[in-house]
Amino acid sequence: MDTLQAILLGIVQGLTEFLPVSSSGHLQIAKELLGVELEENLAFDVTLHAATVLSTIVVLWSEVRRLVRGLFSRRFTPEQSYVLKLALSMVPIGIVGFAFKERIDALLGAPWILAFVGAMLLLTAALLAFAYYAKPRQKEDISYRDALLIGVAQACAALPGLSRSGSTIAAGLLLGNRKEAVARFSFLMVLAPILGEMFLEVVSGKLTAGIAAGPMLAGFAAAFVTGYLACRFMIGIVKRGRLIWFALYCTIAGAVAIISYWI
């Protein structure tokens, strides 16, 4: 992988991590188009995800700081309750990560991965369209039950092509939560799982395998900058309720991916 390929993939990751269009699916499609070798996937993908985690922290810094301060209060605070909900939402993806990580990684190397990604993009489109047209009651706060169900949606999105942000935001909206609250919860809940995955890769010594430091840093920088912009943009989009355009995009991208596989 050269530096230009790394920058292009970083831009794809940064843009699609927060937009409900599946970052893993678009990364896979981009790698197919750029001819990036499979053995470079894991370390580079984790690095790009780390960049988008950092961009999330920067965009939501006031929220993160408030939660950290409230976490150490001697009495039970709303911030502690929110952190507990975030922790609860991470349980399903933790189970999937420990039980099925190797199978999911192997799936990325399957010869029919492009068709699978296309099918999952179509499913993402259906979820976004359903959430757009559904009009449930707007609740003030995300409950513990809703946090767990949103976490289940995130665990399902471990499948390449099924958008994590799209699945979690759609689940939160269908459960009747306010749009801005769902967007912030969706972006905050992914921080620990990605950081945990990166820590495991560092411990295993796989983080820099298969790719030089220059392209790795270039990809990281590109993903951070575009991720920062996309995160700010997406919070506004969810507040305005314009997810239907992303449903249309996922429908087109999914159809193109499936057709490309069969051609």
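Look up: the structure comes first, before these words.
Values in this document were obtained by computation on a predicted structure and should not be read as measured data.

Visitor: Summarise the overall build of the protein chain; cite the residues concerned and give the values.
Guide: A count of helical and extended segments in the protein chain gives twelve helices and zero strands. With the principal axes as the frame, the protein chain shows a C-alpha extent of 55 × 40 × 35 Å. Relative to its full complement of 263 residues, the protein chain shows a buried share of 50%. Across the protein chain, the fraction of contacts at a sequence separation of at least 24, relative to all contacts at a separation of at least 6, is 81%. Split by element, the accessible area of the protein chain, about 12700 Å² in all, is 69% carbon and sulfur. Across the protein chain, the 22 positively charged side chains and the 17 negatively charged ones have centroids separated by 15 Å.

Visitor: Can you lay out the environment of Gln-28 for me, pointing to particular residues and giving the numbers?
Guide: With respect to the element layout, Gln-28 can be found in helix α2 (residues 23-34). Spatially, the C-alpha atoms of Gln-28 and Ala-134 are 31 Å apart, while their sequence positions differ by 106 residues.

Visitor: Outline the nonpolar core, supporting the account with residue identities and numerical values.
Guide: Core analysis: the biggest nonpolar cluster contains 48 residues, and Phe-185, Leu-188, Met-234, Leu-243 and Phe-246 have the highest contact counts within it. Top contributing element to this core by residue count: helix α6 (residues 113-133), with seven residues. If we ignore the near neighbours within four places in the chain, the residues touching Leu-188 are Leu-60, Glu-63, Val-64, Leu-67, Tyr-82 and Leu-86. Counting ten residues, the second largest nonpolar core, distinct from the first, contains Ala-30, Val-36, Ala-51 and Met-216.

Visitor: I'd like a description of helix α4 (residues 61-71), backed by residues and values.
Guide: Along α4, the residues classified as buried are Glu-63, Val-64, Leu-67 and Gly-70. The arc that holds the buried residues of α4, viewed along the axis, is 135°, so those residues lie on one side. Its buried side turned inward, α4 meets α5 (78-107) and α9 (179-188).

Visitor: A description of the side chain of Ser-55 should follow, citing residues and the corresponding values.
Guide: Assignment of secondary structure puts Ser-55 in helix α3 (residues 41-59). The contact partners of Ser-55, leaving out residues within four places of it in the chain, are Phe-18, Phe-224, Gly-227 and Tyr-228.

Visitor: Talk me through the packing of aromatic side chains; I want residue IDs and the actual numbers.
Guide: Evaluated as defined, the whole model comprises four aromatic pairs. When the centroid spacing of 4.9 Å and the interplanar angle of 85° are considered together, the rings of Tyr-132 and Tyr-133 count as edge-to-face. Ring plane angle 75° and centroid distance 5.0 Å describe the contact between Tyr-261 and Trp-262, whose orientation is recorded as edge-to-face. Residue Trp-262 is classed as exposed on the basis of its relative accessible area, which comes to 66%. The lysine or arginine in question, Lys-85, covers the ring of Tyr-144, its NZ or CZ lying 5.3 Å from the ring centre.

Visitor: An account of the pattern of salt bridges is requested, with residue identities and associated values reported.
Guide: Going through the model one piece at a time under the given rule, you end up with five salt bridges. Here Lys-139 makes a salt bridge to Asp-146, at a shortest N to O gap of 2.5 Å. When sorted by exposure, Lys-139 lands in the same class as Asp-146, which is buried. Across the pair Glu-180 and Arg-184 runs a salt bridge, and its minimum N-O distance is 3.4 Å. One end of the pair is Glu-180 and the other is Arg-184, both in helix α9 and four residues apart, which spans about a single turn.

Visitor: So what about the environment of Ala-230? Which residues, and what values?
Guide: Within the element layout of this structure, Ala-230 appears in helix α11 (residues 213-240). Classification of Ala-230 as buried rests on a relative accessible area of 3%. Ala-230 sits 58 residues away from Gly-172 along the chain, and the two C-alpha atoms are 20 Å apart. With residues up to four places along the chain from it excluded, the contact list for Ala-230 reads Gly-14, Leu-15 and Phe-18.

Visitor: Mind laying out the state of the cysteines, listing which residues take part and the relevant values?
Guide: Summed over all chains, the structure comprises zero disulfides. We note that Cys-231 lacks a disulfide partner, and the nearest cysteine sulfur, in Cys-250, lies 18 Å from it. With relative accessibility at 0%, the residue Cys-231 sits in the buried group. Unpaired in terms of disulfides, Cys-250 finds its nearest cysteine sulfur in Cys-156, a separation of 16 Å.

Rules used throughout
Residues numbered from 1 in each chain as written. Predicted model: local features only at pLDDT ≥ 70, side-chain atom pairs only at ≥ 80, totals over all residues. Heavy atoms only, no water. Helix = DSSP H or I, 4+ residues; strand = E, 2+ residues; numbered from the N terminus. Buried < 20%, exposed > 50% of the residue type's maximum accessible area, 1.4 Å probe, protein only. Contact = heavy atoms within 4.5 Å. Areas by Shrake-Rupley, 256 points an atom, 1.4 Å probe, with all protein chains shown as cover. Lys, Arg positive; Asp, Glu negative; His and termini not counted. Charge placed at Lys NZ, Arg CZ, Asp CG, Glu CD. Core = buried A, V, L, I, M, F, W, Y, C linked by side-chain atoms within 4.5 Å. Arc of directions from axis to C-beta. Phe/Tyr/Trp six-rings, centres within 6.5 Å; stacked < 30°, edge-to-face > 60°. Lys NZ or Arg CZ within 6 Å of the ring centre and 35° of its normal. Salt bridge = Lys/Arg side-chain N within 4 Å of Asp/Glu carboxyl O. Disulfide = S-S within 2.5 Å.

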